[in-house]
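Remarks on the overall topology
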Amino acid sequence: MVKVALLIGVSEYEPGLNPLPGAVKDVEAMQQVLLHPEMGGFTETDIMVLKNPQRQDMEEAIENLFAHRQKDDLLVLFFSGHGIKDDTGRLFLATRTTRKTPRGDLIRSSAVAASVVHESMSRSRSKRQVVILDSCFSGAFAEGLSAKDDGNVNIREQLGGEGRAVLTSSSSTQYSFEQQGSDLSIYTRYLIEGITTGAADLDEDGVVSIDELHEYASRKVREIQPTMRPEIYTSREGFKIRLTKVPQGDPKQKYRKEVARYSSRGDVSFVGRKTLDALRSRLGLSEIEATAIEDEMLAVARQEFKQKLQQYERDFSEALQQQVALSEDDLNMLRQNLQQILGLRNEDTMPIEAQVKARIEAYKQHLQLYRQSLAKAMRQEYPLSQPTRHQLQQMQHEWQLKDEDLAAIENSLRAEVEAYRQKLQQFEQAFIRAVQQEYPLSQANHNQLWQQQQLLGLKAEDIHPITARIIAEAEAYQQKLQQYEQVITQAIEHQYPFTEEIREELRRYQHVLEIRDEEVAQIEEKVIRQRNTNQPQIQQSNTYEPPVDQSHSIDVDKFLEEVKADELPTQFLSKRVTQVIPETKPVKTPKLPLQLIVPLIFVVATGSLGLFVKQLRSPSGLFPFLPNPTPTQKPTAEATPVARSLDNLSPGWVIKTNNDISLENNQSLPRGAFLEVIEKKSNPNPASGSFLVSMRVCANKSTPTQTNIVLMDLSKLKRFGVSVLQSDVPNPCAIVTQPSAIATP
């Protein structure tokens, strides 16, 4: 009786077939086991090894293995590589030169047909024939070939026979190579482990039979890869073919055997731990020796188990990060499929799912914080400055945020900022139009602007700089108009109509002030109208009428009788009594020539308005000022505005309370509150001799009242002790506020 083995490993293939680096290593590992004197007992000359053979060499070696053998000879054929089926379902073993057609069909002449192996086995006289096929049948091939593959190979029909045993890593097309963490394929690794440790000796008779080896390897493979289904096809005589022996007398080897038996999923069970501890003590092994053996035996399994957990974590994480959230049913289905494919249990995956959910939730929170910080930065400055960019990059690095997520956030915020800026511009144009039509603004215009602010969704802190700038420009422009009105008034008092020279001087002054022609025309029309209205009063007040002196009065009729009428001047041809001015010489007031009046006024007024020339030119085109308005100088004596007080109260002025004021609606105005005058109304009670003043309560942190409009008698207002803000004080009521119910004190 002899023991002969043919070990074939094909790792290298033609294009179209995936390389299998582990195939050659499988052959080397199997060779060492068979050559071991206490296990396989094969001689070196009785083992033939083929690595990446040609088709002809492979067929000849198979034929020689089974030819000229005796009945009791043990013949072992081990093949690790690709298994392929053609379009008729016949099995072929791939060689180094196996190729496919452009359509993906197998070129049969480049591979070894399973029928060749079957015929060689049938012609052999040996009744102890073992074939081990560690191969994927078609899982790594093109879709064209896979589409014709039903996923099953009838090994029994093609290779079965009397005294034969055929072991396969999987009857389907399951790919079983290139498992990370191990140089060997899954199936071969557990075949080797079962033999070397003796763990495959299930009946503990000191011999590993084919059925025991299959049972051990199949159980281990399914623990690691549940989708693989190792199979055994054997006749009654081949079922108990004795393949190897179990090493005897080595305590470490015995301990290895028990570790292999009780290990599962990269660890030792509770019962197995108790058993191994007792065995270690009985075998006289130290704890260090036992731990080293366990680590060696479990290292690969632990690595594989770790990789499966990592794969489950990746797949589950990707599922939760989908743009469209998966339903709970979809997640349960994914969980079951992944557990089945990876051989994991609920207790394995539940901690992973909890960690993934916590990590994703933290990531989302960090994205939200980043979005808030970016939005705040964009509101303050846009485009962003380099220091701000650096701070945002630090946040990204600290929280490990993905570039694509941040790009999506920035694009979204940029669009929002642009839209918000457009709304601000829209509000600015509306505010400009309102100021152009009416200044100071009436309560009705205030209400309309407030409604537009709410409609556009604008924040008060964002529109405040806009309204403050426009109001400042309006105030400055109004002062320029007043200055021009004063100059043209003084010019008209001296001479009107104007000469062309005076007109030219006034046009130069208008150009310096940068006011429009239509407003100049309105001012001139207004001043002339006032002059015409006041002229009779001025003439009457300036007429000199001395007291009547009787000694100088004459009777015209009597005088005409004495003198000839034609000798008298025409101014005396009147029959009324005329008063004669006393004979005193009138005092003449010296006057400047008219040509010097306007230039002089121009110089004086221009000096007082020097800072107006540098004021802000409105970017909206409302007021033609230069950029960056600066505080204006105090106007000259002629241009000084009338001091504001309660006696000359006008709409648009602001009043500040100096004491607390109680209102009828159980509310009060605290000291320091500001109220803007809306209008003065006649008091229903004429006997009071006063007016009713309608005022708007300005928004202020110190003014918590809900009332917005206050109606108060002027006499009471004086008693309460209030002060009127002068025109040179900034208006604290520039922000548009919402109107509310009217309250009276």
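Just so it is clear, the model here is predicted, and its values are computed rather than measured.

1. Here's the deal with the overall build of the protein
- Scanning the protein from terminus to terminus reveals 21 helices and 20 strands.
- With 745 residues in all, the protein has 43% of them scored as buried.
- Partitioning the contacts of the protein with sequence separation of at least 6, the portion at a separation of at least 24 is 70%.

2. Considerations on helix α8 (residues 251-262)
- With 12 residues, α8 ought to run about 16 Å at 1.5 Å a step, and its terminal C-alpha atoms sit 17 Å apart, in line with that.
- All buried positions along α8 are accounted for by Gln253, Tyr255, Arg256, Lys257, Glu258, Val259 and Ala260.

3. As for the environment of Ile232
- Checked against the element boundaries, Ile232 lands in strand β9 (residues 231-234).
- For Ile232, a relative accessible area of 16% puts it in the buried group.
- Note: C-alpha distance between Ile232 and Leu167 (65 residues apart in sequence) is 4.6 Å.

4. Examining the pattern of salt bridges
- With the rule as written, the count across this model stands at 28 salt bridges.
- A salt bridge links Glu410 to Arg414, with the nearest nitrogen and oxygen atoms 3.1 Å apart. In this pair, Glu410 and Arg414 both sit in helix α14 (residues 403-437), 4 residues apart, roughly one turn of the helix.
- Residue class for Glu410 comes out buried when judged on its relative accessible area of 12%.
- Assessed through its relative accessible area of 29%, Arg414 is described here as partly exposed.
- Its salt-bridge partner being Arg516, residue Glu519 comes within 3.2 Å of it at the nearest N-O pair.
- For Arg516, a relative accessible area of 29% puts it in the partly exposed group.
- Through salt bridges with shared partners, a single network forms among Asp86, Asp87, Arg90 and Arg108.

5. Considering unusual backbone geometry
- Pro440 follows Tyr439 through a cis peptide bond whose omega is -5 degrees.
- Looking at the secondary structure, you find Pro440 in the loop between α14 and α15 (443-456).
- With a phi close to 55 degrees, Asn52 is a non-glycine residue in the positive phi region.
- You can see Asn52 is positioned in the loop between β2 (47-51) and α2 (55-66).
- Phi is positive for Glu204, which is not a glycine, with a value near 55 degrees.
- With respect to the helices and strands, the residue Glu204 is situated in the loop between α6 (186-197) and β8 (207-209).

6. Topic: the packing of helix α12 (residues 346-380) against α14
- Between α12 and α14, whose axes approach to 10 Å, the crossing angle comes to 35 degrees. As for how α12 packs across α14, the hand of that crossing is right-handed. Of the residues in α14, those in contact with Tyr363, Leu367, Tyr370, Arg371, Leu374, Ala375 and Met378 of α12 are Asp405, Leu406, Ile409, Glu410, Ser412, Leu413, Arg414, Glu416 and Val417.
- For the contact of α12 with α14, the per-class residue count stands at 10 nonpolar, 1 polar and 5 charged.

7. Structural notes on the state of the cysteines
- Applying the stated criterion across every chain yields a total of 1 disulfide.
- Residue pairing for Cys698: its cysteine sulfur links by disulfide to Cys733, the two sulfurs lying 1.6 Å apart. With the S-S dihedral at roughly 90 degrees, the linkage between Cys698 and Cys733 falls on the right-handed side. One end of the pair, Cys698, is in the loop between β17 (691-697) and β18 (709-713); the other, Cys733, is in the loop between β19 (722-724) and β20 (742-743), with 35 residues separating them in the sequence. For the pair shown, Cys698 and Cys733 are each scored as buried.

8. Some points on the nonpolar core
- Among the nonpolar cores identified, the biggest contains 51 residues, and Leu7, Ile210 and Tyr255 are the most heavily contacted of them.
- Setting aside chain neighbours within four positions, we find Tyr255 in contact with Arg273, Leu276, Leu279, Arg280, Leu283, Leu285, Ala290, Ile293 and Glu294.
- Grouped together as the second largest cluster of nonpolar side chains are 31 residues, Ile62, Val117, Val131 and Tyr233 included.

9. Overview of the environment of Ser723
- Within the element layout of this structure, Ser723 appears in strand β19.
- For the pair Ser723 and Ser645, spaced 78 residues apart in sequence, the C-alpha separation works out to 7.6 Å.
- Excluding its chain neighbours within four sequence positions, the residues that come into contact with Ser723 are Val654, Ile655, Lys656 and Asn658.

10. Quick word on the packing of aromatic side chains
- For the structure shown, the criterion picks out 4 aromatic pairs.
- Here Tyr312 and Phe316 contribute two aromatic rings whose centre-to-centre distance is 6.0 Å and whose plane-to-plane angle is 10 degrees, an arrangement assigned as stacked. Of this pair, Tyr312 and Phe316 both sit in helix α10 (residues 287-320), 4 residues apart, which is roughly one turn of that helix.
- Residue classification places Tyr312 among the buried positions, given a relative accessible area of 0%.
- Judged by its relative accessible area of 0%, Phe316 falls in the buried class.

11. Here's the deal with the packing of α6 against α10
- For the pair α6 and α10, the least separation of the axes is 12 Å and the interaxial angle reads 155 degrees. Here α6 lies roughly antiparallel to α10, going by the angle between them. When the axes of α6 and α10 are compared, the crossing they make is left-handed. On α10, the residues touching Arg189, Tyr190, Glu193 and Thr197 of α6 are Met297, Val300, Ala301 and Glu304.
- Across the contact of α6 with α10, the residue classes tally to 4 nonpolar, 1 polar and 3 charged.

12. A few points about the layout of surface pockets
- Put simply, the second largest pocket is a space of about 690 Å³.
- In terms of lining residues, the second largest pocket is bounded by 20 residues, among which Gln321, Tyr363, Leu367, Lys402 and Asp405 are the most central.
- If you list the elements that add at least two residues to the lining of the second largest pocket, you get α10, α12 and α14.
- Looking at the lining of the second largest pocket element by element, the count peaks at 9 residues for α12.

Rules and cut-offs
- Residues numbered from 1 in each chain as written.
- Predicted model: local features only at pLDDT ≥ 70, side-chain atom pairs only at ≥ 80, totals over all residues.
- Heavy atoms only, no water.
- Helix = DSSP H or I, 4+ residues; strand = E, 2+ residues; numbered from the N terminus.
- Buried < 20%, exposed > 50% of the residue type's maximum accessible area, 1.4 Å probe, protein only.
- Contact = heavy atoms within 4.5 Å.
- Expected span 1.5 Å × (residues − 1).
- Salt bridge = Lys/Arg side-chain N within 4 Å of Asp/Glu carboxyl O.
- Axes fitted to C-alpha atoms, helices over the stretch in contact; angles between N-to-C directions.
- Left-handed = near helix turned anticlockwise from the far one by under 90°.
- Nonpolar A, V, L, I, M, F, W, Y, C, P; charged D, E, K, R; others polar.
- Disulfide = S-S within 2.5 Å.
- Core = buried A, V, L, I, M, F, W, Y, C linked by side-chain atoms within 4.5 Å.
- Phe/Tyr/Trp six-rings, centres within 6.5 Å; stacked < 30°, edge-to-face > 60°.
- Parallel < 35°, antiparallel > 145°, perpendicular 65-115°, else oblique.
- 1 Å grid on protein atoms, 1.4 Å probe; cavity = no way out; pocket = protein on both sides within 12 Å on 5 of 7 lines; lining within 4 Å.
- Points joined across faces, edges and corners; volume = space filled by probe spheres on them.

Everything listed is a geometric property; what it means functionally is a separate question.
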